Amino acid sequence: MRDIELIDLHMHSVVSDGTDTPEEILSKVKSCGIDMFSVTDHDAVAGCCTVLGNLAPDDPAFITGVEFSCKDDHGKYHILGYNYDPDAQPINDVVALGHGYRMRKVNARLDFLKENFGFDFPKEEIDALLALQNPGKPHIGNLMVKYGYVSSKEDAINNYINKLHFKSDYVRPEEAITGILESGGIPVLAHPSYGSGDQLILGDEMDARLQRLTGFGLQGVEAFYSGFTPKLCKQMLDFADKYDLYVTAGSDYHGKNKLIELGDNNLPDKSDWPDRLTAFLNAVIP
């Protein structure tokens, strides 16, 4: 395996809800001195395909990534997929499923905001929104700010957009995990301690969640994450040992849409990397 010192395996481009193009992310990763990275757009593999088409032999190590937004009767989950074949049919089937749900929710949210709060937008703005590859709540929130309906994107999402709830328009975690596995990839639970909204998942609740997800074939947890305290990192490392899971590290970089920098993942110096992180790197990088 090539020498890896600085990694970031969780970032988003304009293909989902980031503000950088995949090409800009590649350039910034090189400027930051990151040795290994992955683009993990929501419900999309197109950004990874773009990066793959622009890689030079001496560029940082890159592995394909994706982040599926999932829900079942037990809660919400974000399932990361790594090192899959982007041309494989199973993962593209899950992408299509997630995209269909996403587009239905965007249209429903626009109707909800108009009917309940009188928030309306010019047709050309709505057409541009719907033409995005993966429009979502942040894009609608930005429109609400632009037209003076709210003071911030956070206000838009928390106090208006999130008032509309969807019970079934989500990819199920077993669907995401199976699609990743059948495409040669490794499914990983993103920022495991964070649930829906301000929900914090700890102890027995986390244990039950991991028992269920590993039953579907989950193979890893994102134990190092920009928003994690040392205590949360330690919890996930302990659970990784209990369930024999890989460990990954990511920032969840979104460009200007979040105050998170590339490489900000709370990962310690390489001398203190857990064996389960090294095992993951060995599994995905020759």
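Above this text sits the structure in question.
Caption draft 1: Structural context of the overall build of the chain. Of regular secondary structure, the chain possesses 10 helices and eight strands. Dimensions of the chain, computed from C-alpha atoms along their principal axes, come out at roughly 55 × 45 × 35 Å. Out of the 286 residues belonging to the chain, those deemed buried represent 52%. Sequence-distant contacts in the chain: of pairs separated by 6 or more residues, those separated by 24 or more amount to 74%. Total accessible area on the chain stands at roughly 12,700 Å², and carbon and sulfur atoms take up 49% of it. Each charge class in the chain can be summarised by its mean position, and for the 26 positive and 44 negative side chains these summaries are 6 Å apart.

Caption draft 2: Spotlight on the sheet that holds strand 1 (residues 7-8). The strand order 1-2-3 describes an open sheet built from three strands, whose pairing is parallel. The open sheet is flanked by strand 1 and strand 3 (61-62), the only strands paired with a single partner. The sheet contact formed by strand 2 (residues 36-37) and strand 3 spans two bridges and is parallel. When the bridges of strand 3 are listed, phenylalanine 37 appears paired with phenylalanine 62.

Caption draft 3: The arrangement of the sheet that holds strand 4 (residues 65-72) in detail. Pairing within the open sheet is mixed, and its five strands lie in the order 4-5-6-7-8. Pairing within the sheet leaves two strands with one partner each, and these edge strands are strand 4 and strand 8 (246-250). On average, adjacent strands in this sheet sit at an angle of 35 degrees to one another, irrespective of strand direction. Direction of pairing for strand 6 (residues 186-189) relative to strand 7 (residues 220-225): parallel, over a ladder of two bridges. Its bridge partner lying in strand 7, leucine 189 is registered against valine 221. Along the sheet, helix 9 (residues 230-243) contacts strand 7 and strand 8; its crossing angle with strand 7, the most-contacted strand, is approximately 160 degrees. Lying on the sheet, helix 10 (residues 275-284) is in contact with strand 5 (75-82), strand 6 and strand 8; it crosses strand 8 at an angle near 85 degrees.

Criteria and cut-off values
- Residues numbered from 1 in each chain as written.
- Predicted model: local features only at pLDDT ≥ 70, side-chain atom pairs only at ≥ 80, totals over all residues.
- Heavy atoms only, no water.
- Helix = DSSP H or I, 4+ residues; strand = E, 2+ residues; numbered from the N terminus.
- Buried < 20%, exposed > 50% of the residue type's maximum accessible area, 1.4 Å probe, protein only.
- Contact = heavy atoms within 4.5 Å.
- Areas by Shrake-Rupley, 256 points an atom, 1.4 Å probe, with all protein chains shown as cover.
- Lys, Arg positive; Asp, Glu negative; His and termini not counted.
- Charge placed at Lys NZ, Arg CZ, Asp CG, Glu CD.
- Pairing = 2+ DSSP bridges.
- Axes fitted to C-alpha atoms, helices over the stretch in contact; angles between N-to-C directions.

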